[in-house]
Amino acid sequence: MALSDEDIRRLGRCVELARTALDAGDEPFGSILVDAAGRVLFEDHNHVAGGDATAHPELAIANWSVVNLTPAERAAATVYTSGEHCPMCAAAHAWVGLGRIVFAASGAQLAQWLADWQAPQPPVAALPISTVAPRLAVDGPAPQYRDEMKALYAARFRP
Ligand SMILES: [Zn+2]
């Protein structure tokens, strides 16, 4: 599925959340959960600065959705995220039965930029969501946010 104007608008909020995280001294990743009617149910950004490297917003969304949504509601929901889910979050998303994922910047882009900057790579391989959870509907990256995401990542990760 191509990215709609609505998708682009939703991704803009995720990029905003990523900037909020960066400004708060955390890593620039932000995500939102949107139900079938278009309501934003939950939004979050990275909270890894506290020492828990698994405190990713996509994992928080998966955990929240299990408590608060029925399986049918989860399947009909969409997760928008500034950066493509890491394998941990992609697996959690698939295990809890959430629906479509739309991301602004891909994991491959981040891995390439980190390599270009000679920055440390994360401890988990940058496998695409489509490799971890092949039956999920996934769209991205969004070229509109490429430069902004690269700048946010550079501010945090570029040595
Ligand atoms: Zn993750």
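Because the structure is predicted, anything quoted here is derived from the model rather than measured.

Student: How should I be thinking about the overall build of the chain in this particular structure?
Tutor: Of regular secondary structure, the chain possesses 7 helices and 5 strands. In the chain, the succession of α and β elements from N to C terminus is α-β-β-α-α-β-α-β-α-α-β-α. Rg of the C-alpha trace for the chain: 14 Å, near the compact-globule value of 15 Å for 159 residues, within the 12% margin. Projected onto the principal axes, the alpha-carbon positions of the chain cover approximately 45 × 35 × 30 Å.

Student: So what exactly am I meant to see when it comes to helix 7 (residues 146-157) here?
Tutor: For helix 7, spanning 12 residues, the distance from its first C-alpha to its last is 16 Å, which sits close to the expected 16 Å at 1.5 Å a residue. Among all positions of helix 7, only Met149, Leu152, Tyr153, Ala154 and Phe157 are buried. Close packing links the buried residues of helix 7 with helix 1 (5-23), strand 3 (78-83), strand 4 (101-105) and helix 5 (107-116).

Student: Mind showing me how you'd approach the coordination of the zinc ion here?
Tutor: A metal bound by six donors in octahedral fashion has ideal angles of 90 or 180 degrees, whereas one bound by four tetrahedral donors has an ideal angle of 109.5 degrees. The protein atoms donating to the zinc ion are His56 (ND1), Cys86 (SG) and Cys89 (SG), with metal-donor distances spanning 2.0 to 2.3 Å. All donors of the zinc ion belong to a single chain; written as a sequence motif, their spacing is H-x29-C-x2-C.

Student: What is the right way to read the packing of aromatic side chains from this model?
Tutor: For any pair of aromatic rings, the description rests on two quantities: the centre-to-centre distance and the angle between the ring planes. Per the stated rule, a full pass over the model turns up 5 aromatic pairs. Measuring from centroid to centroid gives 5.4 Å for Phe29 and Tyr153, while their planes differ by 45°, and the two rings are tilted. Remark: Tyr153 occurs in helix 7 and Phe29 occurs in the loop between helix 1 and strand 1 (30-34); sequence separation between them is 124 residues. Here Phe29 and Tyr153 have matching classes, each one buried. Ring centres 6.1 Å apart and planes at 45° place the aromatic pair Tyr153 and Phe157 in the tilted group. Linking Tyr153 with Phe157, this pair stays in helix 7, spanning 4 residues, or about one helical turn. Exposure remark for Tyr153: the relative accessible area of 1% places this residue in the buried category. Put simply, the rings of Phe29, Trp113, Tyr153 and Phe157 touch in pairs and so form one group of aromatic residues.

Student: Could you clarify how one ought to interpret the pattern of salt bridges in this entry?
Tutor: If charged atoms from side chains of opposite charge come close, those side chains can pair. Inspection of every chain in the model, using the stated rule, returns 9 salt bridges. We note a salt bridge from Arg13 to Glu16, for which the minimum N-O separation is 2.5 Å. With Arg13 and Glu16 both in helix 1 and 3 residues apart, the pair spans about one turn of that helix. On the basis of relative accessible area, Arg13 is assigned to the partly exposed category, the value being 27%. Of the residues examined, Glu16 reaches a relative accessible area of 45% and is grouped as partly exposed. With its nearest N and O atoms 2.4 Å apart, the salt bridge here joins Glu43 to Arg13.

Student: How should the pairing of strand 2 (residues 40-45) be read in this particular structure?
Tutor: Consecutive residues of a regular strand have side chains that alternate between opposite faces of the sheet. The sheet contact formed by strand 1 and strand 2 spans 5 bridges and is antiparallel. The residue of strand 2 that forms the bridge with Gly30 is His45. In textbook terms, the turn of a hairpin is the stretch between consecutive antiparallel strands, and for strand 1 and strand 2 this stretch comprises 5 residues, one of which, Gly38, has a positive phi near 90°.

What counts and how
Residues numbered from 1 in each chain as written. Predicted model: local features only at pLDDT ≥ 70, side-chain atom pairs only at ≥ 80, totals over all residues. Heavy atoms only, no water. Helix = DSSP H or I, 4+ residues; strand = E, 2+ residues; numbered from the N terminus. Rg over C-alpha atoms; globule rule 2.2 N^0.38 Å. Expected span 1.5 Å × (residues − 1). Buried < 20%, exposed > 50% of the residue type's maximum accessible area, 1.4 Å probe, protein only. Contact = heavy atoms within 4.5 Å. Donors = N, O, S within 2.8 Å, 3.2 Å for Na, K, Ca; no water. Phe/Tyr/Trp six-rings, centres within 6.5 Å; stacked < 30°, edge-to-face > 60°. Salt bridge = Lys/Arg side-chain N within 4 Å of Asp/Glu carboxyl O. Pairing = 2+ DSSP bridges.

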